[in-house]
Amino acid sequence: MSVTYNIAVIGAGLMGHGIALTLAKAGHSVTITDPVAEARASVADRIRHSMQAMGDDEQTIVDALSLIAVADSTAGAVAKADVVFEAAPEKMALKQAIFADIEAHAPDDCILASNTSVMPITEIMSGLRLKNRALGTHWWNPPHMIPLVEVIKTEWTDPAIAQTMFDLLEQAGKTPVMVEKDVPGFIGNRLQHALWREAISLVENGICDAEAVDTVIKSSFGRRLAVLGPLENADLVGTDLTLDIHQNVLHDIEARQGPSPYLETLVADQKLGMKTGEGFRKWTEDEADAVRARVASHLKKLETILES
Ligand SMILES: NC(=O)c1ccc[n+]([C@@H]2O[C@H](COP(=O)([O-])OP(=O)(O)OC[C@H]3O[C@@H](n4cnc5c(N)ncnc54)[C@H](O)[C@@H]3O)[C@@H](O)[C@H]2O)c1
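Residues numbered from 1 in each chain as written. Predicted model: local features only at pLDDT ≥ 70, side-chain atom pairs only at ≥ 80, totals over all residues. Heavy atoms only, no water.

1. A closer look at the overall build of the protein
Moving on, step 1. Check the secondary structure of the protein and you find 14 helices and 8 strands.
Moving on, step 2. For 308 residues, the compact-globule estimate of 2.2 N^0.38 gives 19 Å, and the protein sits close to it at 21 Å.
Moving on, step 3. Here the C-alpha coordinates of the protein stretch approximately 55 × 45 × 45 Å along the principal axes.
Moving on, step 4. Taking all 308 residues of the protein together, 38% fall into the buried category.
Moving on, step 5. Across the protein, every contact between residues at least 6 apart in sequence was considered, and the portion connecting residues at least 24 apart equals 65%.
Moving on, step 6. Counting only carbon and sulfur atoms, one obtains 57% of the accessible surface of the protein, whose full area is about 17,100 Å².
Moving on, step 7. If you average the places of the 27 positive and of the 43 negative side-chain charges in the protein, the two averages end up 2 Å apart. (Helix = DSSP H or I, 4+ residues; strand = E, 2+ residues; numbered from the N terminus. Rg over C-alpha atoms; globule rule 2.2 N^0.38 Å. Buried < 20%, exposed > 50% of the residue type's maximum accessible area, 1.4 Å probe, protein only. Contact = heavy atoms within 4.5 Å. Areas by Shrake-Rupley, 256 points an atom, 1.4 Å probe, with all protein chains shown as cover. Lys, Arg positive; Asp, Glu negative; His and termini not counted. Charge placed at Lys NZ, Arg CZ, Asp CG, Glu CD.)

Here's what the structure looks like:
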């Protein structure tokens, strides 16, 4: 039988509301807080909206919402918490201050997790009195739809505590993966940005345009990725063939340490992507909306297909 926990979620934005709904749906009691009154006031409606978009029925929504309380302060949210998920803005000093506040008010055996995208968990948690109960949980956006959560250990994290977190997430229907060392980008973003670095380089070097890069991925290996990881794929085609390919290709693949000058120029020119109408490609608002709708619909369908 799965254990139910008192969970606190700190920050009721995009990630916090999705983390809260996922854990409440799994039967945990969740208290969520945010310093912005509007975020506190709107969180129940945003959770309802996200659950409706996922196809949850009214009873499931009502049951989940009945397990979610909204607190006025971090101190109030964590007072009786077994587990805290921090999902506040991506600023080091802010996160460190939040964890100091959490540690001052949460029970000493409460597990503390940060949802930072890329900042070192070790640095976020460095000021804590009890560092062995602190770790990273990197949920992906939207947290209620993307299965993966990376569980990141620091050098101080008690392995038993990391395992408790892993089990909690698995029982809540997520797909946790243990990250044994606190490295920049953890696992997923290292892999993702290795691909993006080469994608940008192909355009920068005039080998193809941005649309061609996206078409190649979406129409070829991207189709397999949800069911066949790269190392499974290497075993499928043979490690000998993989070695032959690497001997012929790796020397020509982008390996620069820093960001691409092409990307830096786009940003300097305010070509920030869909929000400004142009990035690697030009976007009308309708086209940008169509991309967002396509991703949401695909993720929903994929859940059904992969479950069957
Ligand atoms: N958006 C993503 O795709 C994504 C994916 C993975 C991880 N993350 C990480 O999750 C965290 C939250 O990101 P988000 O996209 O939900 O941001 P967001 O801006 O949607 O939400 C952040 C919320 O934190 C609140 N907040 C501000 N100060 C706070 C404080 N002192 N205490 C508590 N809450 C505070 C804000 O009012 C806001 O509601 C960040 O660390 C981000 O890097 C984001």
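2. Focus on the packing of helix α11 (residues 230-237) against helix α12 (residues 239-249)
Moving on, step 1. Two elements in contact, α11 and α12, have axes separated by 5 Å at closest approach and are oriented at 105°. With respect to α12, the axis of α11 lies roughly perpendicular. Across the interface between the two elements, Ala-234, Asp-235 and Val-237 from α11 touch Thr-239, Asp-240, Leu-241 and Thr-242 from α12.
Moving on, step 2. Its residues assigned to classes, the contact of α11 with α12 shows 3 nonpolar, 2 polar and 2 charged. (Axes fitted to C-alpha atoms, helices over the stretch in contact; angles between N-to-C directions. Parallel < 35°, antiparallel > 145°, perpendicular 65-115°, else oblique. Nonpolar A, V, L, I, M, F, W, Y, C, P; charged D, E, K, R; others polar.)

3. Some details on the sheet that holds strand β6 (residues 134-139)
Adjacent strands of a sheet pair through backbone hydrogen bonds, lying either parallel or antiparallel.
Moving on, step 1. Strand order across the open sheet formed by 8 strands is β3-β2-β1-β4-β5-β6-β7-β8, with mixed pairing between neighbours. Where the open sheet ends on each side, the last strands, each with one partner, are β3 (68-71) and β8 (175-179). Averaged over all neighbouring strand pairs, the angle between strand axes comes to 25°, with direction disregarded.
Moving on, step 2. One ladder, built from 5 bridges, connects strand β1 (residues 6-10) with strand β2 (residues 29-33); its direction is parallel. Residue pairing across strands places Ala-8 opposite Thr-31, the latter belonging to β2.
Moving on, step 3. Contacts from helix α1 (residues 14-25) reach β1, β2, β3, β4 (83-86) and β6, with the element oriented near 165° to β2. (Pairing = 2+ DSSP bridges.)

4. Remarks on unusual backbone geometry
Note on backbone geometry: most residues besides glycine have negative phi, and most peptide bonds are trans.
Moving on, step 1. The omega torsion of the bond from Asn-141 to Pro-142 falls at -5°, within 30 degrees of zero and hence cis.
Moving on, step 2. By secondary structure assignment, the location of Pro-142 is in the loop between β6 and β7 (148-152).
Moving on, step 3. Even without a glycine there, the phi angle at Phe-186 is positive, about 50°.
Moving on, step 4. In this model, Gln-270 sits at a positive phi of 60°, which is unusual for a non-glycine residue.
Moving on, step 5. Tracing the chain through its elements places Gln-270 in the loop between α13 (261-268) and α14 (285-307).

5. Some details on the site of the ligand
Moving on, step 1. The local shell around the ligand holds 21 residues, among which Met-15, Asp-34, Glu-90, Lys-95 and Ser-117 are the closest.
Moving on, step 2. Leu-14 places a main-chain nitrogen or oxygen 2.9 Å from an oxygen atom of the ligand.
Moving on, step 3. A distance of 2.7 Å is found between an oxygen atom of the ligand and a side-chain nitrogen or oxygen belonging to Lys-95.
Moving on, step 4. For the ligand, the accessible surface in isolation is 830 Å², of which the surrounding protein chains cover 74%.
Moving on, step 5. At the level of secondary structure, the elements contributing two or more residues to the shell around the ligand comprise α1, α5 (92-105) and β6.
Moving on, step 6. With 3 residues, the top contributor of residues to the shell around the ligand is α5.
Moving on, step 7. In terms of residue class, the shell around the ligand is built from 11 nonpolar, 7 polar and 3 charged. (Near = heavy atom within 4 Å. Polar contact = N/O pair within 3.5 Å; in protein donor to acceptor, adjacent residues only side chain to side chain.)

6. A look at the packing of helix α8 (residues 188-204) against α13
Moving on, step 1. Between α8 and α13, whose axes approach to 9 Å, the crossing angle comes to 85°. Between α8 and α13, the angle is such that the two are roughly perpendicular. Contacts from Ile-200, Val-203 and Glu-204 in α8 reach Pro-261, Tyr-262 and Leu-263 in α13.
Moving on, step 2. Class assignment for the residues of the contact of α8 with α13 results in 5 nonpolar, no polar and 1 charged.

7. Some remarks on the nonpolar core
Moving on, step 1. With 38 residues, the main nonpolar core has Ile-7, Leu-23, Phe-85 and Met-165 as its most contacted residues.
Moving on, step 2. Ala-81, Met-125, Leu-128 and Val-179 belong to the second-largest nonpolar core, a separate cluster that totals 24 residues. (Core = buried A, V, L, I, M, F, W, Y, C linked by side-chain atoms within 4.5 Å.)

8. Focus on the domain arrangement of the protein
Moving on, step 1. Partitioning the protein into domains gives domain 1 (6-179) and domain 2 (188-307).
Moving on, step 2. Taking the mean C-alpha position of each, domain 1 and domain 2 sit 29 Å from one another.
Moving on, step 3. Facing 11 residues of domain 1, the contacting portion of domain 2 comprises 7 residues.
Moving on, step 4. A combined buried area of about 630 Å² lies between domain 1 and domain 2, and 59% of that area is made up of carbon and sulfur atoms.
Moving on, step 5. Our count for the domain 1 to domain 2 interface comes out at 0 salt bridges.
Moving on, step 6. Split by residue class, the side of domain 1 that touches domain 2 holds 7 nonpolar, 3 polar and 1 charged. (Domains from an automatic or database assignment. Buried area = accessible area lost by both parts, 1.4 Å probe. Salt bridge = Lys/Arg side-chain N within 4 Å of Asp/Glu carboxyl O.)

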